[in-house]
Amino acid sequence: MSAEQVRATRAAPLRMLTASALGPYAGHAMSTWGDLDEFQHFLPRLLELLILEELDGLFHAESLMSRIAINWRDWGQPEQEAITAVVGAWWRHALNHHPRDINIMTMIEVIADRLELALAPYLAEWESNATEAAALHMAWLMHDFTLSVAHNAEWYALLDNWITGPAPAAILEQAFFSASSPEAAQKLSDALETHRIWSQPHNYSE
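Residues numbered from 1 in each chain as written. Predicted model: local features only at pLDDT ≥ 70, side-chain atom pairs only at ≥ 80, totals over all residues. Heavy atoms only, no water.

K.L.:
Help me understand the confidence of the model for the protein chain, please; the structure alone is not making it clear to me.
P.N.:
Low pLDDT marks stretches whose predicted atomic positions should not be read closely. On average, residues of the protein chain carry a pLDDT of 86, and 85% of them reach 70 or more. Considering each helix and strand of the protein chain separately, the mean pLDDT is smallest for helix H1 (residues 3-11), with a value of 51, and largest for helix H7 (residues 120-127), with 98. (pLDDT = per-residue confidence, 0-100. Helix = DSSP H or I, 4+ residues; strand = E, 2+ residues; numbered from the N terminus.)

Now the structure itself:
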């Protein structure tokens, strides 16, 4: 995409810009093409396409959020509030749809690690979501979290404590008894068993 193409794209109404039109720019914004002003101009549409998974999910999630994370706390208050609102909408949309291109652990890392937002409100929102999709995300996390690399970040300690507590089990149990298919029920049942094992007290002196 040339500078002329970027300028022509900028002249088009944002809602008219498709993922195929913005995808090349999204992968190189501010590094190869354009400046911060152009990035902020296209960002609302880029984030909309990301939430709807019309962009290549994982690649563009990491690319866009890395670019935002660099200096979004230096942006004006309205821009910061807009980013926070979009992330909240993205989180809710993800919880209500399963499967997703971007897994739930990647989203948690974007929220808590990249953007350094408080994780607790997002976990509370998960607890209040009664959809099967939210429970299937939990079932996935129950198995993926064991493979995650632990570190000393405060948000990770919070997640570690939360995932072995009562809330995830409640999410899984509620969905299990109204599962839409035997396959979904099995995933939820397996995740409940994993949670049961994690929640048992361990005697390390034996």
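After that view of the structure, there is still more to cover.
K.L.:
What's the story with helix H11 (residues 182-199) in this structure? I'm lost.
P.N.:
Owing to its 3.6 residues per turn, the α-helix brings residues three or four apart onto one side. Compared with the 26 Å implied by 1.5 Å per residue over 18 residues, the 25 Å span of H11 between its first and last C-alpha is a close match. In this structure, the buried side of H11 is in contact with helix H8 (132-144), helix H9 (154-163) and helix H10 (166-176). (Expected span 1.5 Å × (residues − 1). Contact = heavy atoms within 4.5 Å.)

K.L.:
What's the story with the pattern of salt bridges in this structure? I'm lost.
P.N.:
Pairing between side chains of opposite charge can happen when their charged atoms approach one another. Counted under the stated rule, the structure contains 4 salt bridges. A salt bridge links Glu48 to Arg45; the shortest N-O distance between them is 2.7 Å. Separated by 3 residues within a single helix, Glu48 and Arg45 lie in helix H3 (residues 36-51), roughly one turn from each other. Of the charged contacts in the structure, one is a salt bridge between Glu125 and Arg92, with a shortest N-O distance of 3.5 Å. Here Glu125, found in helix H7, pairs with Arg92, found in helix H5 (residues 77-95); they are 33 residues apart in sequence, far enough to count as distant. For Glu125, a relative accessible area of 23% gives the class partly exposed. (Salt bridge = Lys/Arg side-chain N within 4 Å of Asp/Glu carboxyl O. Buried < 20%, exposed > 50% of the residue type's maximum accessible area, 1.4 Å probe, protein only.)

K.L.:
I tried to follow the environment of Ala153 on my own but got confused; where do I start?
P.N.:
With respect to the element layout, Ala153 can be found in the loop between H8 and H9. Linking Ala153 and Asp113, residues 40 residues apart in sequence, is a C-alpha distance of 8.3 Å.

K.L.:
Any chance you could explain the packing of aromatic side chains here in plain terms?
P.N.:
Each aromatic ring pair is described using two quantities: the centre-to-centre distance and the angle formed by the ring planes. In total, this model carries 7 aromatic pairs according to the counting rule given. Aromatic rings pair up to connect Trp91, Tyr122, Trp126 and Trp162 into one cluster. (Phe/Tyr/Trp six-rings, centres within 6.5 Å; stacked < 30°, edge-to-face > 60°.)

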